[in-house]
Amino acid sequence: MAAGLRARLGTGCSSCWLWGWHLFPGLPGARLSHARAADQLQQEYDAVVIGAGHNGLVAAAYLQRAGVRTAVLEKRHVLGGAAVTEEIVPGFKFSRASYLLSLLRPQIYTELELQRHGLRVLPRDPYSFTPLLEDKSPPRSLLLGHNMAQTQQQIAQFSQKDAQAYPEYEAFMGGLVSALDPLLDAPPVDTAVLGQGSLIQRLRALQTLRPLLRAGLALGRQLPRYYEVLTAPISKILDQWFESEPLKATLATDAVIGAMASPHTPGSGYVLLHHVMGELEGRRGAWGYVAGGMGALSQAIACTAAAHGAHIFTEKAVCRVLLGRDGRAQGVVLQDGTEVRSKLVLSNASPQITFLELTPQEQLPNDFVQRIRQVDTRSPVTKINVAVNQLPSFLAAPNTRDGRPLPHHQCSIHLNCEGTHLLHQAFTEATHGHPSSRPMIELCIPSALDPGLAPRGCHVVSLFTQYTPSVLAGGQPWDEQARNAYADTVFDCIEAYAPGFKASVIGRDILTPPDLERIFGLPGGNIFHGGMSLDQLYFARPAPSYSGYRSPIPSLYLCGSGAHPGGGVMGAAGRNAARVALKDFRRL
């Protein structure tokens, strides 16, 4: 049977122990289905990981590499959490939730040998396209890429001053990113141990100050200016650098994407930094598509873990963390009543699911439970996946007669971004319980670079839209009528920029905040497992004194986006949590 599984998985995943799932033909590393009976699941492991999101798979890979016998238990039929590829419309393969790659830590690429296990990333250049709605014929547009001279020419359409300032702005932001980068790969400083631990514990905790001290030294005399970037509204920062609204609005999208925040919200600058911290092929801030969709990334990580001997299961929903008489985590209980014992339990689920649903409440400190309940999980996001029979043709950049993709089709295409006031207006409507009448839209067409995602001549379109409140005004439900009404609003907006878009639509998949929570376990539909505001980062993620991946329950660890350093397809939380758990395991 194992040989048969290896044959279906292909040469990139030799010696894989991928019990419980197999691949459907034509969906490399994407859609997975239950393959064998539950008797393959052993009664005991060294470690159990709850949830096969990318962070959970990363944690499992690192634990198993270190010789810790690890099982991963996923409730869905498909691995990857929000990093999945699913065939929602026949023949069209969608990155159904997350859709771009940049933030994955470079150490994970190399240490887990993801390229050897099948990962292929398609870089984008140019990477950003903002068409305008205006009376000019054709309307203007803003195209940003890695060629600085060409980018400056584009910006100069709107402001010569901004074109001259842009390289300095990029260098300034790059300096801050470089300084903060080491903080992503280590647990936050354990302030509780520093204050009241034993001498040995305090000395160990002092070592965790190194990344923080390095960051401070790297910032140097620029620290006050960088502090302002982290704490001020991004609109204030951008106003200091630029005067043209299309440029400011385009840059501001990275500061509010996924956040129930306006460009005028204090602290929105950090969210922008979070989205430019990544790199592809050594290029800082670059984003790309994963060949085969985001599920192919999860597949590559799973293959690495399995190649080292990890057991990975789908359709194994965990309903409770098992605790011993001494209060330590001792394994998990599945929905069917099966008990799986382990010395370590790592949860890739959100803090809300981990501590408010899976863990006995009486075993947790009251103040900790209150903190978890108070985490801001508001989400502005509705993701719409669309199958189309032709490429969108924008008034600002019409298609050629042959219908082949043009450079701007590979970009993140920003609509309703003529000015930051439009983003603020869209946000304001959502704060009153109403979906935005002119939502911020990030339109991506991964099939422009990866044609295998759709039938010949057709394309998959990803629409990351906001702002939509989790709870509608008057307590109205997000029923089919409400979902379709909002999607129609989005499509009307796209039609204004690209006439003929609506007629090209073959099918669509609408995921409002409640849908994102129900399907992917994202609390409130929040893609980060909780807002990335300054009060919910570093020392305070997910709660003060518990930011180092350990929980109030000994041997229970948080390894998902609700832990430091937060959301995005980064893998840092999984890698960091595994290293902390491994240290504890060796002391058992």
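Quick caveat, the model's predicted, so the values are computed rather than measured.

### Observations regarding the overall build of the chain
Item 1. Each helix and strand in the chain was counted, giving 20 helices and 22 strands.
Item 2. Across the 588 residues that make up the chain, the buried fraction comes to 59%.
Item 3. Across the chain, every contact between residues at least 6 apart in sequence was considered, and the portion connecting residues at least 24 apart equals 70%.
Item 4. Accessible surface, the chain as shown: approximately 23,000 Å² in total, 51% of it carbon and sulfur.

### Thoughts on the packing of aromatic side chains
Item 1. Considering all chains together, one arrives at 14 aromatic pairs under this definition.
Item 2. Between F129 and F394 the ring centres are 5.9 Å apart and the planes differ by 70 degrees, which places this aromatic pair in the edge-to-face class. Here F129, found in strand β8 (residues 128-131), pairs with F394, found in the loop between β17 (381-388) and β18 (412-415); they are 265 residues apart in sequence, far enough to count as distant.
Item 3. Given the relative accessible area of 2%, F129 is considered buried.
Item 4. Aromatic ring contacts, followed pair by pair, group Y166, Y169, F172, Y226, W241 and F242 into a single cluster.
Item 5. Residue placement shows R508 over the ring face of F491; its charged tip is 5.0 Å from the ring centre.

### Here we look at the environment of Q222
Item 1. Structurally, the position occupied by Q222 is in the loop between α8 (210-219) and α9 (223-231).
Item 2. Along the primary structure Q222 and F172 are separated by 50 residues, whereas in three dimensions their C-alpha atoms are 9.4 Å apart.

### Comments concerning the sheet that holds β17
Item 1. Ordered by their spatial adjacency, seven strands build an open sheet running β9-β8-β18-β19-β20-β17-β21, and the pairing between neighbours is mixed. Lying at the two open borders of the sheet, with one neighbouring strand each, are β9 (141-144) and β21 (505-511). For this sheet, the mean inter-axis angle between neighbouring strands, taken without regard to orientation, is 20 degrees.
Item 2. When β17 meets β21, the two strands line up antiparallel, connected through six bridges. Bridging across to β21, N385 finds its partner in D509.
Item 3. Contacts from helix α11 (residues 245-256) reach β8, β9, β18, β19 (440-444) and β20 (459-466) within the one sheet, and its direction differs from that of β9 by about 55 degrees.

### A closer look at the environment of Q425
Item 1. By the secondary structure assignment, Q425 is in helix α16 (residues 420-431).
Item 2. Along the primary structure Q425 and R438 are separated by 13 residues, whereas in three dimensions their C-alpha atoms are 8.3 Å apart.

### Describing the confidence of the model for the chain
Item 1. Here the chain averages 89 in pLDDT, while 90% of its residues score no lower than 70.
Item 2. Confidence drops under a pLDDT of 50 for residues 1-17, and excluding neighbours within four residues, the segment shows 33 contacts in the predicted structure.
Item 3. Contacts from residues 19-39, a stretch scored under 50 in pLDDT, to residues over four places away or in other chains number 67 contacts.

### Details of the environment of T70
Item 1. Considering the arrangement of structural elements, one finds T70 in strand β4 (residues 70-73).
Item 2. Accessibility expressed as a relative area gives 1% for T70, which makes it buried.
Item 3. Separated by eleven residues in sequence, T70 and A59 have C-alpha atoms that sit 9.5 Å apart.
Item 4. With residues up to four places along the chain from it excluded, the contact list for T70 reads Y45, A47, V49, A60, L63, Q64, A310 and H311.

Each value, and the rule that gives it
- Residues numbered from 1 in each chain as written.
- Predicted model: local features only at pLDDT ≥ 70, side-chain atom pairs only at ≥ 80, totals over all residues.
- Heavy atoms only, no water.
- Helix = DSSP H or I, 4+ residues; strand = E, 2+ residues; numbered from the N terminus.
- Buried < 20%, exposed > 50% of the residue type's maximum accessible area, 1.4 Å probe, protein only.
- Contact = heavy atoms within 4.5 Å.
- Areas by Shrake-Rupley, 256 points an atom, 1.4 Å probe, with all protein chains shown as cover.
- Phe/Tyr/Trp six-rings, centres within 6.5 Å; stacked < 30°, edge-to-face > 60°.
- Lys NZ or Arg CZ within 6 Å of the ring centre and 35° of its normal.
- Pairing = 2+ DSSP bridges.
- Axes fitted to C-alpha atoms, helices over the stretch in contact; angles between N-to-C directions.
- pLDDT = per-residue confidence, 0-100.

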